[in-house]
Amino acid sequence: MNATVSTFSIKQIAIDFKEITKAGLAISVVFSSIAGYLLGVVDFQDLKVTTLLMLAVGGYCMVGASNAFNQVIEKDLDALMDRTKNRPVASGRMSPNHALFVASLLTIIGLILLYLINPKSAMFGAISIFLYTSIYTPLKTVTPLSVFVGAFPGAIPFMLGWVAATDYFGIEAGTLFLIQFFWQFPHFWAIGWFLYEDYEKAGFFMLPTGNKDTSTALQTILYSIWLLVASMLPSLGYTGRLFISPIAAGIVFLLGIWMIFYAVKLYQLRTAKAARSLMLVSVSYITLLQIVYITDKFLR
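In this report, the structure presented in the accompanying data block is examined. Residue numbering note: each chain is counted from 1, following its sequence as written. Residue-level local features of this predicted model are given only where pLDDT is at least 70; pairs of side-chain atoms are given and counted only at 80 or more, and the full residue set underlies all totals for whole chains, interfaces and linings. No hydrogens and no water enter the side-chain calculation; it runs on all heavy atoms of the structure.

Some remarks on the packing of helix α3 (residues 49-73) against helix α6 (residues 96-117)
Inference 1: The angle between two axes is taken between their N-to-C directions and runs from 0 to 180 degrees, where each axis is a line fitted to C-alpha atoms and a helix contributes only its stretch in contact. Helical segments are the DSSP runs of H or I of at least four residues, strand segments are the runs of E of at least two, and each set is numbered from the N terminus. Put simply, α3 and α6 touch, their axes get as near as 7 Å, and they point 150° apart. Accordingly, the angle class assigned to the pair α3 and α6 is roughly antiparallel. The handedness of the crossing between α3 and α6 comes out as left-handed. Here roughly perpendicular refers to angles of 65 to 115 degrees, roughly parallel to angles under 35, roughly antiparallel to angles over 145, and oblique to all remaining angles. Throughout, a crossing is termed right-handed when the near helix is turned clockwise from the far one, and left-handed when it is turned anticlockwise from it by less than a right angle.

A few points about a nonpolar patch on the surface
Inference 1: A cluster of nonpolar residues, L218, L222, I225, W226, V229 and Y267, forms a patch on the protein surface that exposes about 530 Å² of accessible area.
Inference 2: Residue contributions to the nonpolar patch peak at five residues, all from helix α11 (residues 214-232).
Inference 3: Mapped onto the elements, L222 comes out in helix α11.
Inference 4: For the exposure calls, accessible area comes from a 1.4 Å probe over protein chains only, and a residue counts as buried if that area is under 20% of its type's maximum, exposed if over 50%, partly exposed in between. By relative accessible area, which is 42% here, L222 ends up partly exposed. For patches, a residue must show more than 30% relative accessible area and have no salt bridge; joins then use 9 Å for like charges and 5 Å for nonpolar side chains, namely Val, Leu, Ile, Met, Phe, Trp and Tyr. Calculation of accessible area relied on Shrake-Rupley with a 1.4 Å probe; when residues are assessed, cover is drawn exclusively from the protein chains displayed. Any carboxyl oxygen of Asp or Glu that lies within 4 Å of a side-chain nitrogen of Lys or Arg is treated as forming a salt bridge with it.

Things to note about the side chain of T133
Inference 1: Here T133 shows up in helix α7 (residues 119-139).
Inference 2: A residue is classified by how much of its surface remains accessible, and T133, at 11% relative accessible area, is buried.
Inference 3: Under the rule applied, a polar contact is a pair of N or O atoms within 3.5 Å (in protein, one hydrogen donor and one hydrogen acceptor; residues adjacent in sequence only if both atoms are side-chain atoms). One polar contact links the side chain of T133 to the main-chain carbonyl oxygen of I129, over a distance of 2.8 Å.
Inference 4: In this structure, T133 is in contact with S66, F69, I73 and P138, ignoring residues within four places of it in sequence. Note on definitions: a residue-residue contact is assigned when non-hydrogen atoms from the two residues lie within 4.5 Å.

Quick look at α6
Inference 1: By definition here, a helix of n residues has an expected span of 1.5 Å times n minus one. In a regular helix each residue adds 1.5 Å, so 22 residues correspond to 32 Å; α6 covers 31 Å between its end C-alpha atoms and thus fits that length.
Inference 2: Taken as a whole, α6 has its buried residues at A99, V102, A103, L106, T107, G110, L113, L114 and I117. When α6 is viewed along its axis, its buried side chains cluster within an angular range of 145° and face the same direction. What points out from α6, more than 90 degrees from its buried face, is the exposed set N97, H98, F101, Y115 and L116. In this description, one arc is meant: the one made by directions from the helix axis to the C-beta atoms.

Describing the nonpolar core
Side chains of nonpolar character tend, in soluble globular proteins, to be buried together.
Inference 1: L39, V252, Y285 and Y293 are the most contacted members of the largest nonpolar core, which totals 88 residues.
Inference 2: For this core, the element with the most residues is helix α9 (residues 171-194), which contributes 13 residues.
Inference 3: If we skip the residues at most four places from it in the chain, Y285 touches W183, L227, L228, S231, V252, L255, G256, W258 and M259.
Inference 4: We define the nonpolar core as a collection of buried residues of types Ala, Val, Leu, Ile, Met, Phe, Trp, Tyr and Cys that are connected through side-chain atoms lying within 4.5 Å of one another. Core analysis: the next-biggest nonpolar cluster, separate from the first, contains seven residues, A23, A56, Y60 and V63 among them.

Encoded structure:
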């Protein structure tokens, strides 16, 4: 009986850790960081497995810490929404103090690992946590500009990988940052659209106008276009070592048109289903774009 209880407790702890760190999101962020790292190394001979592992674990810790801090701060608001009411802190399964301990421990481990790669990586990791927890999170109930603020820490991972590989922030890292920065807007506005009623329960302002209207849908199209423009910059020859071939540029262009198509569908239909479709396409877009960039680099 005790063994069964112990097994259940360990399983529940693992589940709660997965939920409080938002493992799915954290893993996608780690993927972006690894993509940036692979783009940053000169060739396969320069790839360091130890650095890659520290980046992956350190990156997960930083994202997990941000999410854990967020769930402590928003525990009462999370309890009001269907999508978040079963989170560990909101549901009462984990005390706020325990969650703060987990968040603090992850922050320390993450910063140490990133610092061991290079100080710049640790600095950007620390900036990410600060912006996410201290500015973005409180602003969500105050102004739609919270998404703009949140786009900054959200855009760091892709760029962080390049900095981890090169110990340098230049036009290349800035371009990777710009791509993921513009990606945040159609992605999160799509989420804000199809979860509008749920967010409304907690008083979160996730859409640029505060409403599911024509202006919000139009802005989603415009930022999808800016995303395409930013994604094509490496094909122009002005972004240093970050460069993609004409074939890769063609694929990236088609991916951008695919994204814009679904943004236009949201403008035309203005339904939760159209918004959900755009969200799914946006996730596929950023993943496929990173794969195209990496594949093109190592096949050239």
